[in-house]
Amino acid sequence: MREHLDQTDRRLVKLLSQDAQPGINRLAETMAISVPTVRSRLRNLLDGNLLKIVGLLNLTERPELISAIVGINAQGRGRARELAQRIAELPFVNSASVVTGRFDIIVDVTVAGDVADLYRITSELIPGAGIPGEVVRSETFVVMASCNKWVSLPEGCWSEETPSRKEPA
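Computed from a prediction, not measured in an experiment: that's the story for all the values here.

The rules behind each value
- Here, residues in each chain are numbered from 1, in the same order as that chain's written sequence.
- Only residues with pLDDT of 70 or above have their local features reported here, since the model is predicted, and side-chain atom pairs are shown and tallied only from 80 upward, although totals for entire chains, interfaces and linings are computed over all residues.
- With hydrogens and water set aside, each side-chain value is computed from the structure's full complement of heavy atoms.
- Note on aromatic contacts: the rings of Phe and Tyr and the six-membered ring of Trp form a pair at centre separations within 6.5 Å, being stacked when their planes are under 30 degrees apart, edge-to-face when over 60 apart, and tilted otherwise.
- Labels follow the DSSP assignment, with helices taken as runs of H or I lasting at least four residues and strands as runs of E lasting at least two, numbered in each case from the N terminus.
- When DSSP locates at least two bridges between a pair of strands, those strands are taken to pair.
- Inter-axis angles, ranging from 0 to 180 degrees, are taken between N-to-C directions of lines fitted to C-alpha atoms, where helices are fitted over the stretch in contact.
- The contact criterion used is simple: two residues touch if any of their non-hydrogen atoms lie within 4.5 Å.
- A pairing counts as a salt bridge when a side-chain nitrogen of Lys or Arg comes within 4 Å of a carboxyl oxygen of Asp or Glu.
- When a residue's accessible area, from a 1.4 Å probe over protein chains only, is under 20% of the maximum for its type it is buried; when over 50% it is exposed; and in between it is partly exposed.
- Grouping into patches uses exposed residues only, defined as over 30% relative accessible area, and leaves out salt-bridged ones; the cut-off is 9 Å for like charges and 5 Å for nonpolar side chains (Val, Leu, Ile, Met, Phe, Trp, Tyr).
- Only the protein chains shown count as cover for residues, and the accessible areas themselves come from Shrake-Rupley with a 1.4 Å probe.
- We place a 1 Å grid over just the protein atoms. Points where a 1.4 Å probe fits but has no way out form a cavity, open points with protein on both sides within 12 Å along at least 5 of 7 lines form a pocket, and any residue with an atom within 4 Å of a point lines it.
- Grid points are joined across faces, edges and corners, and a volume is the space filled by probe spheres set on the points.
- Nonpolar residues are Ala, Val, Leu, Ile, Met, Phe, Trp, Tyr, Cys and Pro. Charged residues are Asp, Glu, Lys and Arg, and all others, Gly as well, are polar.

In this section: the packing of aromatic side chains. A full pass over the atoms with the stated rule returns one aromatic pair. Judged by centre distance (6.3 Å) and plane angle (80°), the ring pair of phenylalanine 103 and phenylalanine 141 falls under edge-to-face. Residue phenylalanine 103 is found in the loop between β3 (93–98) and β4 (105–112), and its partner phenylalanine 141 is found in strand β5 (residues 135–142); the two are separated by 38 residues along the sequence.

Time to look at the sheet that holds β5. On the basis of which strands lie adjacent, the open sheet formed by four strands has the order β3-β4-β2-β5 and antiparallel pairing. Because the sheet does not close on itself, it has two edges, and the strands there are β3 and β5. If you compare each strand with its neighbour and ignore which way they point, the axes differ by 20° on average. Note: β3 against β4, five bridges, orientation antiparallel. By the bridge assignment, serine 95 is partnered in β4 with aspartate 108. Set on the sheet, helix α4 (residues 80–88) makes contact with β2 (65–74), β3, β4 and β5; between it and β3 the angle comes to about 175°.

Our next topic: the pattern of salt bridges. One pass over the structure, following the stated rule, counts nine salt bridges. Where aspartate 47 meets arginine 43, a salt bridge forms, and the shortest distance between an N and an O atom there is 3.2 Å. With aspartate 47 and arginine 43 both in helix α3 (residues 35–47) and four residues apart, the pair spans about one turn of that helix. Assessed through its relative accessible area of 55%, aspartate 47 is described here as exposed. Arginine 43 sits in the partly exposed class, given a relative accessible area of 46%. Each of Asp6, Asp9 and Arg41 takes part in one network of salt bridges that share partners.

Now for the environment of alanine 84. Topologically, alanine 84 is positioned in helix α4. For alanine 84, a relative accessible area of 4% gives the class buried. Taking C-alpha positions, alanine 84 is 26 Å from cysteine 147, a pair spaced 63 residues apart along the chain. When neighbours within four sequence positions are excluded, alanine 84 is seen to be in contact with Ala96, Val98 and Ile105.

So, on to a nonpolar patch on the surface. Taken together, the side chains of Val54, Leu56 and Trp150 present a nonpolar region at the surface, about 290 Å² in accessible area. By secondary structure assignment, the location of valine 54 is in the loop between α3 and β1 (57–58).

What follows is about the layout of surface pockets. Summary: where empty space remains is shown by rolling a probe the size of a single water molecule over the atoms. Of the voids in this model, the largest pocket is the one considered here, and its volume is about 470 Å³. What lines the largest pocket is a set of 13 residues, and nearest its centre among them are Lys52, Val54, Asn94, Ser95 and Ser152. Among the elements that take part in the lining of the largest pocket, β3 stands out by supplying three residues, more than any other. Of the residues contributing to the lining of the largest pocket, the split by class is eight nonpolar, four polar and one charged. Its boundaries defined by the atoms lining it, the second largest pocket holds a volume of some 260 Å³. If you go around the second largest pocket, the residues you meet are Val13, Leu16, Ser17, Gln18, Asp19, Ala20, Leu51, Lys52, Ile53, Val54, Gly55 and Leu56. Across the lining of the second largest pocket, the residue classes tally to seven nonpolar, three polar and two charged.

Structure, rendered in C-alpha cells:
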C-alpha cells in the first residue's frame, strides 16, 4: 500500500500540475526549501511511480482528435483489473478503469481524425484484449464537446505508422 504524500510532496505535485516548466531551482525558491530537497523529493515521486511529468494537449483545441469513452461489461470472475490492464496497453487508449455502476470498466480513448480507427478499437482491439467471451458488451460514447480536457496522446496518435493489433500478454 502506498504511503500518503506529506504536505511538501503535495505542494510540489500541485506546483508541477499547474506548470511543469520551472526548473528545480525555481521550484525550491517558490517552496522556500533547498534545491537538494526538491531534487530528492521529485526523484522519489518519479521513481515511486507516483508522478509522471508529461506534455498535455488541450483536446478542446484540436478538432482533428476524436475523444471517446467506452463502457465495457466483462465476464471475468474477479479479473476485471487484469482485463483493464491489458486494455490500457492498447494503442489509442489513455486509460482503463475498473468502476462501479452499469459498466465494469471505463476506457478513455483518443484517436487522430479517423472514425475508422475508433471503430477498429471498439470492435477489434478492446474485445481482443480479453479471452474469448470475456468482453460481453461495450458501449461507446463519442465526446462532442468537453471542458478542461487535457490529454497525453496515447500510442498511435500522430505516429508515423498506425500500430498493429497488440497480442494479449
